[in-house]
Amino acid sequence: MERTLVIIKPDAVQRQLVGRIITRFESKGLTLAGLKLLKVNKNQAQKLYGAHKKKSFYRGLMKFITAGPVVVVVIKGVQAIAICRKMLGATFGPDADPGTIRGDFAASISYNLVHASDSAESSKYEIPIFFRSNEIISYDLHNIKWIYHPEEEKELEI
Ligand code: CMP
């Protein structure tokens, strides 16, 4: 199993899309392992988007991510990192395919509703920005045996 960080950004919270977005991950069979509503502080924003510091859009991005509450979610599942990235869709709303979160709900290139870690390294770096280890809950869904075939059992180990 992998863990990944998903951020439901200020535009999605203000547009009251939180429930619809979380429902998509649950419906896919992914497990919610951690979840909080919070306002991203400057320090957290700088850590999260440090890689973009030199980019022209950095200031706008920092302003956006700290503009209002977000929902941070740790999601667990086999190949959860790649699955969540696919479910988000292309970075810019106009480019995102229908059926993806951005494809269905985002029209902007800046207000793109959601963030998800892009690799195992990123998820290991990003999750602790928002969660202490005791805030991530280890449990198995009661219907896990109907989400994964028994032959996939090895991949279910964390
Ligand atoms: P996210 O998945 O959170 O990761 C980095 C973010 O930078 C990205 O989503 C966008 O919100 C933002 N971003 C990337 N490229 C641009 C751009 N050209 N203009 C504005 N924002 C951008």
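Every value quoted in this text rests on a predicted model; they were computed, and no experiment measured them. (Residues numbered from 1 in each chain as written. Predicted model: local features only at pLDDT ≥ 70, side-chain atom pairs only at ≥ 80, totals over all residues. Heavy atoms only, no water.)

(A) Highlighting the sheet that holds strand E3 (residues 70-77). Here we have 4 strands laid out as an open sheet, ordered E2-E3-E1-E4, and antiparallel in their pairing. Looking at strand neighbours, the two that pair on one side only are strand E2 (31-38) and strand E4 (114-116), the edges of this open sheet. When strand polarity is set aside, the average angle formed by the axes of neighbouring strands in this sheet is 15°. Where E2 and E3 come together, 7 bridges link them in antiparallel fashion. Residue pairing across strands places Thr 31 opposite Lys 76, the latter belonging to E3. The strands touched by helix H5 (residues 80-88) are strand E1 (2-8), E3 and E4; relative to E1, the strand with the most contacts, the crossing angle is about 25°. (Pairing = 2+ DSSP bridges. Helix = DSSP H or I, 4+ residues; strand = E, 2+ residues; numbered from the N terminus. Axes fitted to C-alpha atoms, helices over the stretch in contact; angles between N-to-C directions. Contact = heavy atoms within 4.5 Å.)

(B) Seen up close, the environment of Asn 112. With respect to the element layout, Asn 112 can be found in the loop between helix H6 (101-105) and E4. Asn 112 gets classed as buried once you look at its relative accessible area, which sits at 5%. In sequence terms Asn 112 and Phe 92 are 20 residues apart; their C-alpha atoms lie 6.4 Å from each other. Non-local contacts of Asn 112, meaning those with residues more than four positions away in its chain, are made with Lys 9, Asp 11, Phe 64, Thr 91, Arg 102 and Ala 106. (Buried < 20%, exposed > 50% of the residue type's maximum accessible area, 1.4 Å probe, protein only.)

(C) Local environment of the environment of Tyr 49. Mapped onto the elements, Tyr 49 comes out in the loop between helix H3 (42-48) and helix H4 (58-65). Residue class for Tyr 49 comes out buried when judged on its relative accessible area of 4%. Along the sequence, Tyr 49 and Thr 91 sit 42 residues apart, while their C-alpha atoms lie 15 Å from each other. In contact with Tyr 49, not counting residues within four places along its chain, are Lys 9, Tyr 58, Leu 61, Ile 65 and His 115. At 3.4 Å, the side chain of Tyr 49 forms a polar contact with the side chain of Lys 9. (Polar contact = N/O pair within 3.5 Å; in protein donor to acceptor, adjacent residues only side chain to side chain.)

(D) View of the site of the ligand. The environment of the ligand is made up of Lys 9, Tyr 49, His 52, Phe 57, Leu 61, Thr 91, Phe 92, Arg 102, Ser 110, Asn 112 and His 115. Take Arg 102: an N or O atom from its side chain is 3.4 Å from an oxygen atom of the ligand. Contact with the protein chains hides 81% of the accessible area of the ligand, taken as 450 Å² for the molecule alone. If you map the ligand onto the pockets, it falls in the largest pocket. Looking at the shell around the ligand, its residues break down into 4 nonpolar, 5 polar and 2 charged. (Near = heavy atom within 4 Å. Areas by Shrake-Rupley, 256 points an atom, 1.4 Å probe, with all protein chains shown as cover. 1 Å grid on protein atoms, 1.4 Å probe; cavity = no way out; pocket = protein on both sides within 12 Å on 5 of 7 lines; lining within 4 Å. Sits in = over half its atoms within 2 Å of the grid points. Nonpolar A, V, L, I, M, F, W, Y, C, P; charged D, E, K, R; others polar.)

(E) Just the layout of surface pockets, in detail. Considering only enclosed or pocket space, the largest pocket measures out at about 620 Å³ in volume. Surrounding the largest pocket, 26 residues form its lining, Tyr 49, His 52, Phe 57, Leu 61 and Thr 91 being those nearest its centre. Sorting the residues of the lining of the largest pocket by element identifies H3, H4, E4 and helix H7 (120-130) as the ones contributing at least two each. Residue composition of the lining of the largest pocket, by class: 11 nonpolar, 9 polar and 6 charged. Taken as a whole, the second largest pocket encloses approximately 240 Å³ of empty space. The wall of the second largest pocket is formed by 13 residues, among which Arg 3, Ala 120, Ser 123, Lys 124 and Ile 127 lie closest to the centre. Of all the secondary structure elements, the ones that give two or more residues to the lining of the second largest pocket are E1 and H7. The greatest single-element share of the lining of the second largest pocket, amounting to 5 residues, is contributed by H7. Among the residues making up the lining of the second largest pocket, the classes are represented as 8 nonpolar, 1 polar and 4 charged. (Points joined across faces, edges and corners; volume = space filled by probe spheres on them.)

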